[in-house]
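# Close look at the chain arrangement
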Amino acid sequence: MSDYLSDLPLIYRVSFLLFISTLLILFLNRIFIKKKFLIDDKNFSKHKKFINLKSVPLTGGLNIFLIYLLIYFNNELINLILITVVFLLGILSDAKKLNSPALRFFLQIIFILYFVFLNNINIQSIRVEAIDQILLNSKLFALFFTTFCILILLNGSNFIDGTNLQCSGYYFSVLITFLFIHEFYDFYIEYDLIIYLTTILFVFMIFNFFTKSFLGDGGSYFLAFIIGIFSIKFINYNENVSPYFIALILWYPAFENLFSILRRMIFLKNRVGKPDNYHLHHLFYEYISKKTKNKNNFFILNGTGLIFTLYNLFIFLLGTNYIYQSLELIILIFFSIIIYLTLYIYLKKKLSIKFK
């Protein structure tokens, strides 16, 4: 961490981050709106006009990214460059300069693969003996398997970023869970990083709550990448912890990615790579809107993301009771998936949705 911050007491560092993050996002909002740059225009995107109340600047991701660089600018240069490139791929998508999902995915593979290789950050075990032997004996397999998992997380995080507090609230819950286990378990954890990310994300969530800022693809990619890498390091340093604990706290974006791809392949064969309004949070939002007969209700817009956040936080904290026990964690994962699918089928039926 930067020398001018690392020697300060934690409370001062957090206060500084709260202050500078608030100022920065206000400044970015003013500039972006004035220059009409990276504005999430509800009239441009079919995917986003479903829920947006108005045009909103995509400043959340840039704010989080710039504060991260401010804190860690003296880290390994090559790592910062690779992290920056992953973030910029999202920014280019936000700016409608990189519209091809296939090209974005290909570029993500290249840079994430290089990051994983350079830092030797591999998933070492999933507690399935046959696969663990391959992970142990084949560095190439471990490299591609780890890269694949991070890719799924990145793109799934973009999929769940559909209502206020949806993606940011999800990762806020993940960070809170890590702080919780740090408090009650004797694990190695990059505590300062988690505190910093939690603080910066909290500031963004306030602005997002009032629809003053969105994460954008850059923000969702960045959060997923940083927290995904942190999670792999955590499980590798704390070998007694079941890898299914990490699977539990990261299941939602990963499953959303898989489910959306399968749904599009089956029902929307010519639109597999295109965004749509058939994600679970979209259906939930539309169902509540119809029940209350108010599509632009402030409380529904935020309540959808908040309900998903609180549910996931509950499941994560419940999972901390079984942090060493793979079977119990797998049961929790399957329970969450069953809840997801049951709710999806129910909402689809109630809304009489026909995929098109």
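Conventions and cut-offs
Residues numbered from 1 in each chain as written. Predicted model: local features only at pLDDT ≥ 70, side-chain atom pairs only at ≥ 80, totals over all residues. Heavy atoms only, no water. Helix = DSSP H or I, 4+ residues; strand = E, 2+ residues; numbered from the N terminus. Rg over C-alpha atoms; globule rule 2.2 N^0.38 Å. Buried < 20%, exposed > 50% of the residue type's maximum accessible area, 1.4 Å probe, protein only. Contact = heavy atoms within 4.5 Å. Lys, Arg positive; Asp, Glu negative; His and termini not counted. Charge placed at Lys NZ, Arg CZ, Asp CG, Glu CD. Polar contact = N/O pair within 3.5 Å; in protein donor to acceptor, adjacent residues only side chain to side chain. Patch = residues over 30% accessible without salt bridge, like charges linked within 9 Å, V, L, I, M, F, W, Y side chains within 5 Å. Areas by Shrake-Rupley, 256 points an atom, 1.4 Å probe, with all protein chains shown as cover. Salt bridge = Lys/Arg side-chain N within 4 Å of Asp/Glu carboxyl O. Core = buried A, V, L, I, M, F, W, Y, C linked by side-chain atoms within 4.5 Å. Axes fitted to C-alpha atoms, helices over the stretch in contact; angles between N-to-C directions. Left-handed = near helix turned anticlockwise from the far one by under 90°. Nonpolar A, V, L, I, M, F, W, Y, C, P; charged D, E, K, R; others polar. Expected span 1.5 Å × (residues − 1).

## A look at the overall build of the protein chain
- When helices and strands are counted, the protein chain shows 16 helices and 2 strands.
- A compact globule built from 356 residues should have a C-alpha radius of gyration of about 21 Å, and the protein chain, at 20 Å, falls within 12% of that.
- With the C-alpha coordinates of the protein chain rotated into their principal frame, the extents come out at 50 × 45 × 40 Å.
- Here the protein chain, with 356 residues, has 54% of them falling under the buried criterion.
- Expressed as a percentage of contacts within the protein chain between residues at least 6 apart in sequence, the contacts between residues at least 24 apart total 75%.
- Of the side chains in the protein chain, 31 bear a positive and 19 a negative charge, and the two mean positions are spaced by 20 Å.

## Here we look at the side chain of D217
- Relative to the assigned elements, D217 resides in helix 11 (residues 216-237).
- For D217, a relative accessible area of 10% translates into the label buried.
- Only 2.5 Å separates the side chain of D217 from the side chain of S93, close enough to count as a polar contact.
- With residues up to four places along the chain from it excluded, the contact list for D217 reads G90, S93, D94 and N158.

## Some points on a nonpolar patch on the surface
- On the surface, a nonpolar cluster with roughly 580 Å² of combined accessible area is contributed by L77, I78, I81, Y114, F117 and L118.
- Elements that contribute at least two residues to the nonpolar patch include exactly helix 5 (77-94) and helix 6 (101-119).
- Mapped onto the secondary structure, L118 falls in helix 6.

## Focus: the nonpolar core
- One finds Y171, V174, F178, L201, F225, F234 and F245 to be the most contacted residues of the largest nonpolar core, which totals 103 residues.
- A total of 12 residues in this core trace back to one element, the largest contributor, which is helix 11.
- Not counting the four nearest positions on each side in its chain, F234 is found in contact with F178, I181, F187, Y188, V241, F245 and I246.

## Looking at the pattern of salt bridges
- Tallied over the entire structure, the rule returns 2 salt bridges.
- A salt bridge links R13 to D192; its shortest N-O distance comes to 3.2 Å. Placement of R13 in helix 2 (residues 10-35) and of D192 in helix 10 (residues 191-209) is noted, with a sequence separation of 179 residues between them.
- Here K290 makes a salt bridge to E286, at a shortest N to O gap of 3.6 Å. A residue pair is termed a helical-turn pair when its members lie 3 or 4 positions apart in one helix, as K290 and E286 do in helix 14 (residues 280-292) at 4 residues.
- Of the residues examined, K290 reaches a relative accessible area of 45% and is grouped as partly exposed.

## Some details on the packing of helix 8 (residues 139-160) against helix 11
- Where helix 8 meets helix 11, the closest approach of the two axes is 8 Å, and the angle between their N-to-C directions is 145 degrees. Relative to helix 11, helix 8 is oriented so that their crossing is right-handed. Between helix 8 and helix 11, the residues in contact are T146, I150, L153, L154, N155, S157 and N158 and D217, S220, Y221, A224, F225, G228, I229 and I232, respectively.
- By residue class, the composition of the contact of helix 8 with helix 11 is 8 nonpolar, 6 polar and 1 charged.

## Some details on helix 14
- Here helix 14 is 13 residues long and its end C-alpha atoms lie 18 Å apart, about the 18 Å a rise of 1.5 Å per residue gives.
- Within helix 14 the residues assigned to the buried category are L280, H281, H282, L283, F284, Y285, E286, Y287 and S289.
- Of the residues trailing helix 14, K293 is marked for its positive phi of about 55 degrees.

The quantities given are spatial measurements derived from coordinates; they are silent on function.
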